[in-house]
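Letter by letter, the chains look like this.
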Amino acid sequence: MASRNLRTAYKKFDRPKQQVYLCNWFVKLVKPGKEIPNDQVQAHVPMKMTKFDIKNYFEKIYGLKIAKVNTRIQLGKEHKVMPFGITRRKSDYKVAYVTLTDQTFQFPDLFSKYSREAATQLS
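Please read all numbers here as calculations on a predicted model, not as lab measurements.

K.L.:
Mind showing me how you'd approach the overall build of the protein here?
P.N.:
Regarding its fold elements, the protein presents three helices and six strands. Order of helices (α) and strands (β) in the protein, N terminus to C terminus: α-β-β-α-β-β-β-β-α. By residue count, 18% of the 123 residues in the protein fall in the buried class. A sequence separation of at least 24 residues applies to 55% of the contacts in the protein between residues at least 6 apart. Of the roughly 11,100 Å² of accessible surface on the protein, 55% is carried by carbon and sulfur atoms.

Following this line, the structure appears as C-alpha cells:
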C-alpha cells in the first residue's frame, strides 16, 4: 500500500508545471521637483538596471512607446548620529527620465482638495 502511494505521488510531481516569470525590479514613479516636459516621466530605478532594461520594462509592462531614456545617479543624503558625532549616508539610487513618443504624462495631484489651512483646522 505504501509503495503504491509513493508511485502516484511521484507521477503527480513528474508533470511539467506552468512557470510564470515575474520582474525582480521595483520602479517607483516620482513627482519631479523641477518642471519637466509633459512627455517625460521621472522614476527611481535600481542601480543595476540599464537604459535598455528600463525601456523594455515600460514597453512590456505598461505598453508605452518610449523615445529615449536618460539616467543619472543620485548620491544619498548624509546625516549625523547625535550621541557619537558619526556621519552616515543613505544609499544611492538611480533616477531615470523616460521620454514618451506619442503620449503625455501628468503626475496626479492627489492632495489638491486639501489645503494646509484645512489640515490644521482638522487637527
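After that view, the rundown keeps rolling.
K.L.:
Just to check I follow, could you spell out the confidence of the model for the protein for this structure?
P.N.:
Per-chain confidence: the protein averages 80 in pLDDT, with 75% of residues scoring 70 or above. Of all the helices and strands in the protein, helix α1 (residues 2–14) carries the lowest mean pLDDT, 53, while strand β3 (residues 66–74) carries the highest, 96.

K.L.:
Any chance you could explain the nonpolar core here in plain terms?
P.N.:
For soluble globular proteins, the rule of thumb is that nonpolar side chains tend to be buried together. With 13 residues, the main nonpolar core has Val27, Val45, Met49, Ile54, Phe58, Ile66 and Val98 as its most contacted residues. Elements with a contribution of two residues or more to this core: β2 (40–45), α2 (51–62), β3 and β6 (93–100).

K.L.:
What is the right way to read the sheet that holds β3 from this model?
P.N.:
Whenever strands of a sheet pair, they do so through backbone hydrogen bonds, lying parallel or antiparallel. The strand order across the open sheet built from four strands is β1-β2-β6-β3, with neighbouring strands paired in antiparallel fashion. The sheet terminates laterally at β1 (28–29) and β3, the two strands that pair on one side only. Strand contacts of α2: β1, β2, β3 and β6, with the helix running at about 125° to β3, the strand carrying the most contacts.

K.L.:
Quick question: what am I supposed to make of α2 here?
P.N.:
Given 3.6 residues to a turn, an α-helix orients residues that are three or four positions apart in the same direction. For α2, with 12 residues, the first-to-last C-alpha span of 16 Å sits near the 16 Å given by 1.5 Å per residue. For α2, the elements touching its buried residues are β1, β2, β3 and β6. Of the residues one or two after α2, Gly63 is the one with positive phi, at around 70°.

K.L.:
Looking at this structure, how should I read the environment of Asp39?
P.N.:
Among the structural elements, Asp39 can be located in the loop between β1 and β2. Note on Asp39: relative accessible area 28%, which makes it partly exposed. Between the alpha carbons of Asp39 and Thr104 there is a distance of 4.4 Å; along the sequence they are 65 residues apart. Non-local contacts of Asp39, meaning those with residues more than four positions away in its chain, are made with Val98, Thr99, Leu100, Gln103 and Thr104.

K.L.:
Looking at this structure, how should I read the environment of Val45?
P.N.:
Note on placement: Val45 falls in strand β2. Taking the relative accessible area as the measure of exposure, Val45 reaches 5% and is therefore buried.

K.L.:
Even after reading the chapter, I still don't get the pattern of salt bridges, so can you show me in this structure?
P.N.:
Close approach of charged atoms allows side chains with opposite charge to pair. Inspection of the entire model under this criterion finds one salt bridge. Measuring nitrogen to oxygen at the nearest pair gives 2.8 Å for the salt bridge that ties Arg89 to Asp92. A residue is classified by how much of its surface remains accessible, and Arg89, at 46% relative accessible area, is partly exposed.

K.L.:
Would you take a moment to explain the packing of aromatic side chains for this structure?
P.N.:
Scanning the entire structure with this criterion turns up three aromatic pairs. Taking the centre distance of 5.8 Å and the plane angle of 80° together, the rings of Tyr57 and Phe58 count as edge-to-face. For the pair shown, Tyr57 and Phe58 are each scored as buried. Taken together, the aromatic side chains of Tyr57, Phe58 and Tyr62 make up a single cluster linked through ring pairs.

Calculation rules
- Residues numbered from 1 in each chain as written.
- Predicted model: local features only at pLDDT ≥ 70, side-chain atom pairs only at ≥ 80, totals over all residues.
- Heavy atoms only, no water.
- Helix = DSSP H or I, 4+ residues; strand = E, 2+ residues; numbered from the N terminus.
- Buried < 20%, exposed > 50% of the residue type's maximum accessible area, 1.4 Å probe, protein only.
- Contact = heavy atoms within 4.5 Å.
- Areas by Shrake-Rupley, 256 points an atom, 1.4 Å probe, with all protein chains shown as cover.
- pLDDT = per-residue confidence, 0-100.
- Core = buried A, V, L, I, M, F, W, Y, C linked by side-chain atoms within 4.5 Å.
- Pairing = 2+ DSSP bridges.
- Axes fitted to C-alpha atoms, helices over the stretch in contact; angles between N-to-C directions.
- Expected span 1.5 Å × (residues − 1).
- Salt bridge = Lys/Arg side-chain N within 4 Å of Asp/Glu carboxyl O.
- Phe/Tyr/Trp six-rings, centres within 6.5 Å; stacked < 30°, edge-to-face > 60°.

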